[in-house]
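Residue-level structural notes
Residues per chain are reported as follows:
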Amino acid sequence: MKKLWGGRFTQGAAKSVEAFTESISFDKRLAFYDIAGSTAHAKMLAKQGIITQKEAKEIVAGLNQIAKQIASGTFDFKVELEDIHMNIESALTEIYPDSGRKLHTARSRNDQVALDIRLYLRDEAKHIIEKIKHFQNTLMDISEGHLNTIMPGYTHLQRAQPVILSHHLLAYVEMFQRDRERLNDCLKRINTLPLGACAMSGTTLNIDRDYVAKELKFARISENSMDAVSDRDFVIEFISNCSIIMMHLSRVAEELVLWSTGEFSFIEISDAYTTGSSIMPQKKNPDVAELIRGKTGRVYGALMSILTIMKALPLTYNRDMQEDKIPLFDACDTASASLTIITEMFHHINFNATRLRETAGSGFSLATDLAEYLVKKGVPFRAAHEITGNIVKHCLQNGETLEKIPLNAFKSFSESIEEDVYKCLNLDNAVNNKNSKGGTSTIEVKKQIVRLRNLLRKK
Ligand code: ARG
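Report follows, based on the coordinates. (Residues numbered from 1 in each chain as written. Predicted model: local features only at pLDDT ≥ 70, side-chain atom pairs only at ≥ 80, totals over all residues. Heavy atoms only, no water.)

1. Quick word on the overall build of the protein
Here is the rule: Where helices and strands are cited, they refer to DSSP runs of H or I of at least four residues and of E of at least two residues respectively, numbered from the N terminus. To get the radius of gyration, use the C-alpha atoms; to get the globule rule, take the number of residues to the power 0.38 and multiply by 2.2 Å. Here the term buried applies to any residue with accessible area under 20% of the maximum for its type, exposed to any over 50%, and partly exposed to those in between, with areas from a 1.4 Å probe on protein chains only. The contact rule is simple, with two residues in contact once any of their heavy atoms fall within 4.5 Å.
Scanning the protein from terminus to terminus reveals 20 helices and six strands. Expected size for 459 residues packed as a compact globule is a radius of gyration near 23 Å; at 31 Å, the protein overshoots this value by more than 25%. When its C-alpha atoms are laid out on the principal axes, the protein stretches across 100 × 55 × 40 Å. Per-residue burial for the protein yields a buried fraction of 49% across its 459 residues. Expressed as a percentage of contacts within the protein between residues at least 6 apart in sequence, the contacts between residues at least 24 apart total 76%.

2. A word on the side chain of Glu89
As a reminder of what qualifies: Asp and Glu are treated as the negative residues and Lys and Arg as the positive ones, with His and the ends of the chain left uncounted. What counts as a salt bridge is simple: a side-chain nitrogen of Lys or Arg found within 4 Å of a carboxyl oxygen of Asp or Glu.
Here Glu89 shows up in helix 5 (residues 84-95). Lacking a salt bridge, the buried Glu89 has Arg107 as its closest oppositely charged neighbour, with an N-O distance of 4.5 Å. The contact partners of Glu89, leaving out residues within four places of it in the chain, are Leu4 and His104.

3. Some details on the layout of surface pockets
Formally: Grid spacing is 1 Å over the protein atoms alone, the probe is 1.4 Å, and a cavity is where that probe fits but cannot get out, while a pocket is an open set with protein on both sides within 12 Å along at least five of seven lines and lining residues have an atom within 4 Å of a point. Grid points are joined across faces, edges and corners, and a volume is the space filled by probe spheres set on the points. Any residue that is not Ala, Val, Leu, Ile, Met, Phe, Trp, Tyr, Cys, Pro, Asp, Glu, Lys or Arg is counted as polar, Gly included; the first ten are nonpolar and the last four charged.
Of the volumes computed, that of the largest pocket is approximately 500 Å³. Taken together, 22 residues line the largest pocket, and the ones lying closest to its centre are Leu4, Trp5, Met86, Glu89 and Arg109. The greatest single-element share of the lining of the largest pocket, amounting to six residues, is contributed by helix 5. In terms of residue class, the lining of the largest pocket is built from five nonpolar, eight polar and nine charged. A volume near 320 Å³ is recorded for the second largest pocket. Surrounding the second largest pocket, 13 residues form its lining, Tyr154, His168, Tyr172, Arg251 and Glu255 being those nearest its centre. Mapped by element, the contributors of at least two residues to the lining of the second largest pocket are helix 8 (165-190) and helix 11 (233-259). Class assignment of the residues belonging to the lining of the second largest pocket gives a composition of eight nonpolar, two polar and three charged.

4. Describing the site of the ligand
Going by this rule: Working definition: residue near molecule or strand if any one of its non-hydrogen atoms lies within 4 Å of it. Each polar contact in these results corresponds to two N or O atoms within 3.5 Å; when the atoms are within protein, one needs to be able to donate a hydrogen and the other to accept it, and residues that are neighboring in sequence are counted only if both atoms are side-chain atoms. The accessible surface values rely on the Shrake-Rupley method and a 1.4 Å probe; as for residues, cover is taken only from the protein chains in view. Should more than half of a molecule's atoms lie within 2 Å of a pocket's or cavity's grid points, that molecule is taken to sit in it.
Near the ligand, the surroundings consist of Ser23, Asp27, Asp83, His85, Arg109, Asn110, Val113, Tyr317, Arg319, Gln322 and Lys325. Side-chain polar atom of Tyr317 to an oxygen atom of the ligand: 2.4 Å apart, as the coordinates give it. Calculation on the ligand without its partners gives an accessible area of 350 Å², and the protein chains cover 87% of this total. Of all the cavities here, the one that holds the ligand is the largest pocket. No other element matches helix 7 (residues 109-144), which puts three residues into the shell around the ligand. Grouping the constituent residues of the shell around the ligand by class yields two nonpolar, four polar and five charged.

5. Digging into the packing of aromatic side chains
Counted only if it meets this: Each Phe, Tyr or Trp ring, with Trp reduced to its six-membered ring, pairs with another whose centre is within 6.5 Å; inter-plane angles below 30 degrees give stacked pairs, above 60 give edge-to-face pairs, and intermediate values give tilted ones. Two conditions define a charge sitting above a ring: the NZ of Lys or the CZ of Arg must be within 6 Å of the ring centre, and it must be within 35 degrees of the ring normal.
Under the defined criterion, the tally for this structure stands at ten aromatic pairs. Where Tyr154 meets Phe264, the ring centres are 6.0 Å apart and the plane angle is 55 degrees; that geometry is what we call tilted. Here Tyr154 is found in strand 1 (residues 150-155), whereas its partner Phe264 is found in the loop between helix 11 and strand 5 (267-269), with 110 residues between them in sequence. Of the residues examined, Tyr154 reaches a relative accessible area of 25% and is grouped as partly exposed. Taking 5.1 Å as the distance between ring centres and 90 degrees as the angle between the ring planes, the aromatic pair formed by Phe264 and Phe266 counts as edge-to-face. Judged by relative accessible area, which is 15%, Phe264 ranks as buried. A cation sits over an aromatic face here: Arg118 above Phe234, 3.9 Å from the ring centre.

6. Brief notes about the packing of helix 8 against helix 11
Our working definition: Angles shown run from 0 to 180 degrees and are taken between the N-to-C directions of axes, each axis being a line fitted to C-alpha atoms and, for helices, limited to the stretch in contact. For this classification, under 35 degrees means roughly parallel, over 145 means roughly antiparallel, 65 to 115 means roughly perpendicular, and everything else is oblique. Handedness of a crossing is defined here by the sense of rotation of the near helix relative to the far one, left-handed for an anticlockwise turn of less than a right angle and right-handed for a clockwise turn.
For the pair helix 8 and helix 11, interaxial distance at closest approach is 9 Å and the crossing angle is 165 degrees. Taken as axis vectors, helix 8 and helix 11 run roughly antiparallel relative to one another. The way helix 8 lies across helix 11 gives a crossing that is left-handed. Every residue of helix 11 that contacts helix 8 at His168, Tyr172, Met175, Phe176, Asp179, Arg182, Leu183, Cys186, Arg189 and Ile190 is listed here: Phe234, Glu237, Phe238, Asn241, Ile244, Ile245, His248, Leu249, Arg251, Val252, Glu255 and Trp259. A per-class count over the contact of helix 8 with helix 11 returns 13 nonpolar, three polar and six charged.

In C-alpha cells:
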C-alpha cells in the first residue's frame, strides 16, 4: 500500500518495521477525537479560504461516514497505515479523493496527536472526577449511618484512641476531595489547543487557531508551537493524579482486607464481592480489595513509563512519544475500574458495631484521656503522662483495666484524681469530649459532613 508520506521513498517499509512502528492497535481508541479535531480543522480551513466550503462539506460528510463505520465496527483498521490519523485520512480520501487530500493542509500528525490526547483526557478526567464523587457520596452515606459506631483508631497499627467510624471514613472523603481538586487543576492545563503548531514551527498559511479553539471548546491555545508538539507534561500530571488516587484506594482496600480477617472481624463483605479458594473450602477471600491494592502498582508503573519515555528527549516531537498512550490508557482504565468496583463493594459491607466498640475500649485506649484529665486538674502534661504511664503499668502487672481501678488506688498515683475520673474513662464521653476543630466528637463530625456535602454539591 502506498504511504501517505511515500513521495520521497523508492522502497516501501519492511513488514517487520510496519509491525514495530504501528500504533493503530491502541490509538484507534482516539478515533472519535481525531474526527472531531479534523472536522473543526476543515471548517477553519474553509472559513479562511484555504479550501472551499464545498470541500469542507465533503470532508465533514466523509468524516461522519467514517465515524459511523467505526461505531458500528465495520471500519477496516490497517496496520500498514500506522496510526489512527492516517487510517482516517486515507479512508476519507477513498470516499472523497479530491477534498480528502486537502484535509492535512496546515497540520501535522505532531499537533494532531497532541490534540487527540488532550481531547481524550479532557473527557476521561471528567469521568474520573465523577466517579470519585460517587465514591465520596457513598462513604458519606455510610458515615451518616454510623455516627454512634465507636471503633479503635490506630497508629503503628496499634490501638491508639477511640474514634467514631464516620470520622474514619470521612478521612478518606477528605483525601478524595483533594484528588478531585488536583484533577480539576490538571484539567486547566489539559484544556489548551495545540493544533496549529503543525510540525513544530507553525505554518505560512493564514490559519485561525482561535476559531478552532472555540469549535473544540478549548479555554486557550498553546503559545509556542515547539512546546505544543513537544511536551506531554499534562499526561504525566494526569497519571500522577491517578497514582495518588490509587494510593488512596490501596489504603482503603488494605483496611478492608485487614478488617475482614477473623482476627479483626470488623466487617463482613457480602459473598457477591468476595471469592473462594480452589482448595480450602472454608475460605472467603477479599480479592477485589487485594486487586485494587495490586493494581496500584500497575498505575505507578505507568507513571514511571511516561516519565522515562519523556526523559531527556530533545525538542520537539520524537517517535518515542507514541509510547505515551499505552500507559495513559492503562492508568485511566485501571483507576476508573477500581473506583467503580470499590464504590459498588461499599454498598455490600456490613460493619460489626459490637465488635468495633468492644475493641475500641480495650488496650488502654483511654490513657490519653486520663492524662488530659490530670492536665485539667492542673498537672503539667509531662507529669500527667508519667503518672498515667505508671497506672497503665500497674494495670498490665495486675491484669486490671483503667475504669475498674478503685478511687483510693488511683489516689496512690496522684492526689489530683477524684471521683469524676470515671466520667473520662467512659468510651462515649472519650469520643464526644474530643470536640476540638476536626476532632472525632459527634458534633465535629456532623460539621464535617455538612461541609463535605456542600463541597460535593458543587463541581
Ligand atoms: N502515531 C504517532 C504518535 O502517536 C503520531 C505522530 C506521528 N508523527 C510523526 N512525525 N511520525 O505519536
